There are 4 protein chains.
Amino acid sequence: MSETTRRRPGGRSARVRRAVLDATLELVNAHGLDGVTVAEVAERAGVHETSIYRRWRTRENLTLDALLASADEQLPVPDTGAVREDLLRYATALAAYLTTPPGNALDRALAAAGDDPATAHTRSEYWNTRAALSTQIFTRAVDRGELPPQVDPRLAIEMLVAPLHFKAVFTREPLDPALPAQLVDLVLRGLAA
Amino acid sequence: MSETTRRRPGGRSARVRRAVLDATLELVNAHGLDGVTVAEVAERAGVHETSIYRRWRTRENLTLDALLASADEQLPVPDTGAVREDLLRYATALAAYLTTPPGNALDRALAAAGDDPATAHTRSEYWNTRAALSTQIFTRAVDRGELPPQVDPRLAIEMLVAPLHFKAVFTREPLDPALPAQLVDLVLRGLAA
Amino acid sequence: MSETTRRRPGGRSARVRRAVLDATLELVNAHGLDGVTVAEVAERAGVHETSIYRRWRTRENLTLDALLASADEQLPVPDTGAVREDLLRYATALAAYLTTPPGNALDRALAAAGDDPATAHTRSEYWNTRAALSTQIFTRAVDRGELPPQVDPRLAIEMLVAPLHFKAVFTREPLDPALPAQLVDLVLRGLAA
Amino acid sequence: MSETTRRRPGGRSARVRRAVLDATLELVNAHGLDGVTVAEVAERAGVHETSIYRRWRTRENLTLDALLASADEQLPVPDTGAVREDLLRYATALAAYLTTPPGNALDRALAAAGDDPATAHTRSEYWNTRAALSTQIFTRAVDRGELPPQVDPRLAIEMLVAPLHFKAVFTREPLDPALPAQLVDLVLRGLAA
DNA sequence: GGATAAGCGAGACGGTACGTCTCGTCTTTTG
DNA sequence: CAAAAGACGAGACGTACCGTCTCGCTTATCC
């Protein structure tokens, strides 16, 4: 999602892109996902609406683009050498992120996103990337002999992160700080048995 | 959330209410959640648009009311005398429900719903009710001695259902028929340890 | 509002009628003619909306009824024995009335009133009554020999009052206190010649 | 009152403007002032409703704009060299105009118009313009020595036109063809004395 | 003084129109 | 001649009143 076609640092294209994405994130922070309107993004970015539509085509694309770009930066996959610690850090970081405006907005944007091919592609790419990154924790653990080889990393990671997303978008309860540890422990016990 | 006053069952009011909710569900089935338009609901229900706005105030309220009403009927909590069987049936039923148009629509409606007090109340009431029902499976299991008494039923049930909701609204992958059993087993192993 | 103990002439009916008309006038004073809504009249009068519609059928009827009733009381036709004085007092009183909320509202209500037979009848009755009353000033003046017998009283009185109504509803300029005298003098000079 | 910005004549904007105003006048002619609905104007003009609201903001603005524009064309101020003739022609033309659908509608629209600053400005501008034009008849007459210099043109013209407007919106009587002459004579006699 | 007719309270509902909000497209103007 | 500026098209939403209807109850009136 980070801009791939930067030719000159400061080309007009890049400037516009940055300004628009920044403005979008600002608005998400200020008024929430639904408070983002293309007109206002354009105004804040000092760019014409048309220019936004030319690039992103739809508002959904715009918000997704802006939010996805900021997501990866917030969720590095730790490698401490111990599964439990890795998972704990990862779950804690995710829980924290999901309570920030952009984190929450990202989840809601993903939940609301349509099923057209382009969006579907973006969606699956995002989740596959995240899964590929986060399941490394398990594969490394298996390699280290911390977990038996027959563990299903994808299932395991989903049982860990799903409840966090679930609370963030469905129940909207505040996330209990103890929750990550509880989840990690329950998952690890389940895998170890 | 739902309309405020309800008079005699069978009166015009009740007739209108039923017709509208039915029409709403029909439309959800036909065109998906976003394909529901108040005007078309009104037309199908043989009711005037104004009458809908009078009761439900917003489209969001309407769809939520219609979908929530239909949800409980679809998800009875089993009581077979064995935890694993209970959980398996429950998870399977939920997985099945989430792949139906109204089931999927409900999740997306809940994800998209706002944070105003009324909606928040509806939301928490719904999830609390569901949790209260489904956690009975665990309390019964504890009573029967199937599980140790220190299990946290709320946590456990969330680890079971969250991945299903997660896949339904986030990744949108088709639900693997084997998934419920995998989830159940992992959770039960985690709890037993 | 005051007649709570009188039940003979009409009883409940009469009480409702008075309460409604009073409430209507109150609202006219408070929010202007367009600020009168049947719902609010009903509430203030402590009466159900339906009861208002039963009697007056339309909002227009209601406001007209309320305003017309209060009009005649405000505009007695003077009889001082001198045309000029009579006209001056009459014109001054009218000018004053038209600047009060109900006076202004009455004019606007009459201007906005429809052309259905019932309303047309009310309208012509009102204006004919007013004309019949006010032209007495001229007929008495002719009888007294103050004015030549060939004067057209209806024309004369209209040239006197029309500019006042005109300013009240069309130009909406504040009425110059000197205006009545100027009008009277111009008319009298015109008639005398 | 009228829309705020106007670019090149002939552009899309101008086309829309013309089409809408024309459609508005057509509807006034066909169904009267209250028979004008924005939706139908839009349809007849082949324009989207939103475009109308964008420019005129309210239905009141739209009808006033349309009617005012057509008014000036209908009421040229004559200059025959003789006061009586000038006034007679002017009064006759006005009387005729007020019996046409747009003429009548204009008066009713003006009577019904609100008191917000924008409308107030439009109103006073209209009446001031009309007064400035029509009082020329008197000033020219004074210049020619037909009338004494102390005549108040504004008062005089109002005594002439007010009864016509009065009958058009208040009494709704058909205008007697002889009325203009009677008014003119009475006013001129009053001024001459 | 009891029947009965008229009117009222209560609570929707039908219906019309208005004005708003955004999105996404298209034309005009300008550098 | 390409991009900025500024409508416009399109569709839904929600609001404000108006006026109607049904039903049960209360009050005035009449025999």
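Whatever comes next refers back to the structure up there.
Bear in mind that the values here come from a model prediction, so they are computed numbers and not experimental data. (Residues numbered from 1 in each chain as written. Chains lettered and ligands numbered in written order. Predicted model: local features only at pLDDT ≥ 70, side-chain atom pairs only at ≥ 80, totals over all residues. Heavy atoms only, no water.)

A. Spotlight on the interface of chain A and chain B. Between chain A and chain B, the residue contacts involve 34 residues of the former and 34 residues of the latter. Note on chain A versus chain B: buried area summed over both sides is about 3200 Å², and carbon and sulfur give 67% of it. Between Lys167(A) and Glu158(B) there is a salt bridge, and its shortest N-O distance comes to 3.0 Å. Between chain A and chain B we count 18 residue pairs in polar contact (both at pLDDT 80 or more) in total. Contributions of two or more residues to the side of chain A that touches chain B are made by helix H6 (101-112), helix H7 (117-143), helix H8 (153-171) and helix H9 (179-192) of chain A. A total of 13 residues in the side of chain A that touches chain B trace back to one element, the largest contributor, which is H8(A). In terms of residue class, the side of chain A that touches chain B is made up of 19 nonpolar, five polar and 10 charged. (Contact = heavy atoms within 4.5 Å. Buried area = accessible area lost by both parts, 1.4 Å probe. Salt bridge = Lys/Arg side-chain N within 4 Å of Asp/Glu carboxyl O. Polar contact = N/O pair within 3.5 Å; in protein donor to acceptor, adjacent residues only side chain to side chain. Helix = DSSP H or I, 4+ residues; strand = E, 2+ residues; numbered from the N terminus. Nonpolar A, V, L, I, M, F, W, Y, C, P; charged D, E, K, R; others polar.)

B. The arrangement of the pattern of salt bridges in detail. Counted under the stated rule, the structure contains 57 salt bridges over all chains. Residues Lys167(B) and Glu173(B) are paired through a salt bridge, measuring 2.7 Å at the closest nitrogen-oxygen approach. Under the relative-accessibility criterion, Glu173(B) is labelled partly exposed at 28%. In this structure, the salt-bridge partner of Asp115(C) is Arg108(D), at a minimum N-O distance of 3.7 Å. Highlighted residues: Asp115(C) in the loop between helix H6 (101-112) and helix H7 (117-143) and Arg108(D) in helix H6 (residues 101-112), drawn from two different chains. On the basis of relative accessibility, which here comes to 17%, the residue Arg108(D) falls in the buried class. (Buried < 20%, exposed > 50% of the residue type's maximum accessible area, 1.4 Å probe, protein only.)

C. Representation of the interface of chain C and chain D in the model. With 34 residues of chain C in contact, the opposing surface of chain D contributes 34 residues. In total, chain C and chain D occlude about 3200 Å² of area from one another, counting both sides; carbon and sulfur atoms represent 67% of this. Counting across the chain C and chain D interface gives eight salt bridges. Inspection of the chain C/chain D interface yields 18 residue pairs in polar contact (both at pLDDT 80 or more). Considering every element that reaches the side of chain C that touches chain D, the biggest residue donor is helix H8 (residues 153-171) of chain C, with 13 residues. Residues of the side of chain C that touches chain D, tallied by class, amount to 19 nonpolar, five polar and 10 charged.

D. Quick peek at the protein's contact with DNA strand F. Neighbouring DNA strand F are 34 residues, the closest being His48(A), Arg59(B), Arg59(C), Ser51(D) and Arg55(D). Take Ser51(A): an N or O atom from its side chain is 3.2 Å from a phosphate oxygen of DNA strand F. For DNA strand F, a phosphate oxygen lies 3.2 Å from a polar atom in the side chain of Thr37(C). Counting only elements with at least two residues in the surface near DNA strand F, the list comes to helix H3 (49-56) of chain A, helix H3 (49-56) of chain B, helix H3 (49-56) of chain C together with helix H1 (12-31) and helix H3 (49-56) of chain D. When the residues that make up the surface near DNA strand F are grouped by side-chain class, the tally is eight nonpolar, 14 polar and 12 charged. (Near = heavy atom within 4 Å.)

E. Region of the structure containing the side chain of Arg123(D). Its location among the elements puts Arg123(D) in helix H7 (residues 117-134). Setting aside residues no more than four positions away along its own chain, Arg123(D) makes contact with Phe170(C), Thr171(C), Arg172(C), Leu110(D), Ala113(D), Gly114(D) and Asp115(D).

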